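Understanding the architecture of this molecule
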Amino acid sequence: MIRKIINVNWINHAFWTAAAVTIALFCAKLLGLAEFYWAPISAIIVMQSTLGQAWDTSKHRLIGTVIGALFAGAYSAVFSEVSTLMFGLSVFVLGIVCALLRLTVSAYRLGGVTFAIIMLMNHNEVAWRIGVDRIIEVSTGICAALLVSAIGPRSPFMRMPKERRLEHR
């Protein structure tokens, strides 16, 4: 009866995503991370891929996060405040660096998000410290999702082409 109401693959996917999010949030809070919410957000993003895709994409996302944090640290060392034009130029250069390093768009996306969060949100810490925290937060979420992906049963839902994953049968 439940199969007529909701695709059982959705239940399976929701369960394992919730497990990854719970582990990520628990670990981030245990580590005392100030912006602990980035760990479960990262876990949710990673859980949208198959294990093989998740591992490869996660490497790029983590590298992008590191690059974004480095850009924020360098920007803060050179400029005392955020200039709209220089901020935009920095995001452009970050994209060129990701392209030169042959990273994926996911790396650039996470690098840009990391850079923006560090530079545009009000923080009480210096940019490099926020960058280190961001790397730890994202790593925590990625590790939790990869762990759950590796040990949890993977449904056919997770192996479907991306455009069919969210369909309701």
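So, a few notes on the structure that sits alongside this text. (Residues numbered from 1 in each chain as written. Predicted model: local features only at pLDDT ≥ 70, side-chain atom pairs only at ≥ 80, totals over all residues. Heavy atoms only, no water.)

1. Some remarks on a nonpolar patch on the surface
Taken together, the side chains of Leu31, Val126, Trp128, Val132 and Ile136 present a nonpolar region at the surface, about 480 Å² in accessible area. Relative to the elements of secondary structure, Val126 occurs in the loop between α6 (105-120) and α7 (127-151). Since its relative accessible area comes to 45%, Val126 is described here as partly exposed. (Patch = residues over 30% accessible without salt bridge, like charges linked within 9 Å, V, L, I, M, F, W, Y side chains within 5 Å. Areas by Shrake-Rupley, 256 points an atom, 1.4 Å probe, with all protein chains shown as cover. Salt bridge = Lys/Arg side-chain N within 4 Å of Asp/Glu carboxyl O. Helix = DSSP H or I, 4+ residues; strand = E, 2+ residues; numbered from the N terminus. Buried < 20%, exposed > 50% of the residue type's maximum accessible area, 1.4 Å probe, protein only.)

2. Some details on the environment of Ala72
With respect to the element layout, Ala72 can be found in helix α4 (residues 51-78). Judged by its relative accessible area of 0%, Ala72 falls in the buried class. The spacing of Ala72 and Gly112 is 40 residues in sequence and 9.7 Å in space, taken between C-alpha atoms. Discounting chain neighbours no more than four positions away, the residues touching Ala72 are Phe115, Ile118, Met119 and Ala127. (Contact = heavy atoms within 4.5 Å.)

3. Remarks on the packing of helix α3 (residues 38-46) against α7
For the pair α3 and α7, interaxial distance at closest approach is 7 Å and the crossing angle is 45 degrees. The angle between α3 and α7 places the two elements in the oblique class. Along this stretch, α3 crosses α7, giving a crossing that reads as right-handed. Between α3 and α7, the contacting residues are Trp38, Ala39, Ser42, Ala43 and Val46 on the first element and Arg134, Glu137, Val138, Thr140, Gly141, Ile142, Ala145 and Leu146 on the second. For the contact of α3 with α7, the per-class residue count stands at eight nonpolar, three polar and two charged. (Axes fitted to C-alpha atoms, helices over the stretch in contact; angles between N-to-C directions. Parallel < 35°, antiparallel > 145°, perpendicular 65-115°, else oblique. Left-handed = near helix turned anticlockwise from the far one by under 90°. Nonpolar A, V, L, I, M, F, W, Y, C, P; charged D, E, K, R; others polar.)

4. Looking at the nonpolar core
Core analysis: the largest hydrophobic core is formed by 16 residues, its most contacted members being Ala20, Ala43, Met47 and Ala145. Elements with a contribution of two residues or more to this core: α2 (8-30), α3 and α7. Sort the elements by how many residues they give to this core and α7 lands first, with six residues. Core analysis: the second largest hydrophobic core is formed by 15 residues, Tyr75, Phe87, Met119 and Ala127 among them. (Core = buried A, V, L, I, M, F, W, Y, C linked by side-chain atoms within 4.5 Å.)

5. Focus: the side chain of Thr114
With respect to the helices and strands, the residue Thr114 is situated in helix α6. The class of Thr114 is buried, set by a relative accessible area of 0%. In this view, Thr114 contacts Thr65, Gly68, Ala69 and Arg134; residues no more than four positions away in its chain are not counted.

6. Focus on the pattern of salt bridges
Scanning the model with the defined rule gives one salt bridge in all. For Asp133, the salt bridge is made with Arg129, and the minimal N-O distance between the two is 3.5 Å. With a gap of four residues between them, Asp133 and Arg129 both fall in helix α7, about one helical turn apart. Residue class for Arg129 comes out partly exposed when judged on its relative accessible area of 34%.

7. So, unusual backbone geometry
It is generally the case that most residues other than glycine have a negative phi and that most peptide bonds are trans. One non-glycine residue, Arg102, lies in the positive phi region at around 60 degrees. On the basis of relative accessible area, Arg102 is assigned to the exposed category, the value being 72%.

8. A word on the layout of surface pockets
The volume enclosed by the second largest pocket comes to roughly 150 Å³. Around the second largest pocket, the lining is made up of 14 residues, and of these Ser76, Val82, Ile118, Met119 and Ala127 lie nearest the centre. Of all the secondary structure elements, the ones that give two or more residues to the lining of the second largest pocket are α4, α6 and α7. Along the lines of polarity and charge, the residues of the lining of the second largest pocket split into nine nonpolar, three polar and two charged. (1 Å grid on protein atoms, 1.4 Å probe; cavity = no way out; pocket = protein on both sides within 12 Å on 5 of 7 lines; lining within 4 Å. Points joined across faces, edges and corners; volume = space filled by probe spheres on them.)

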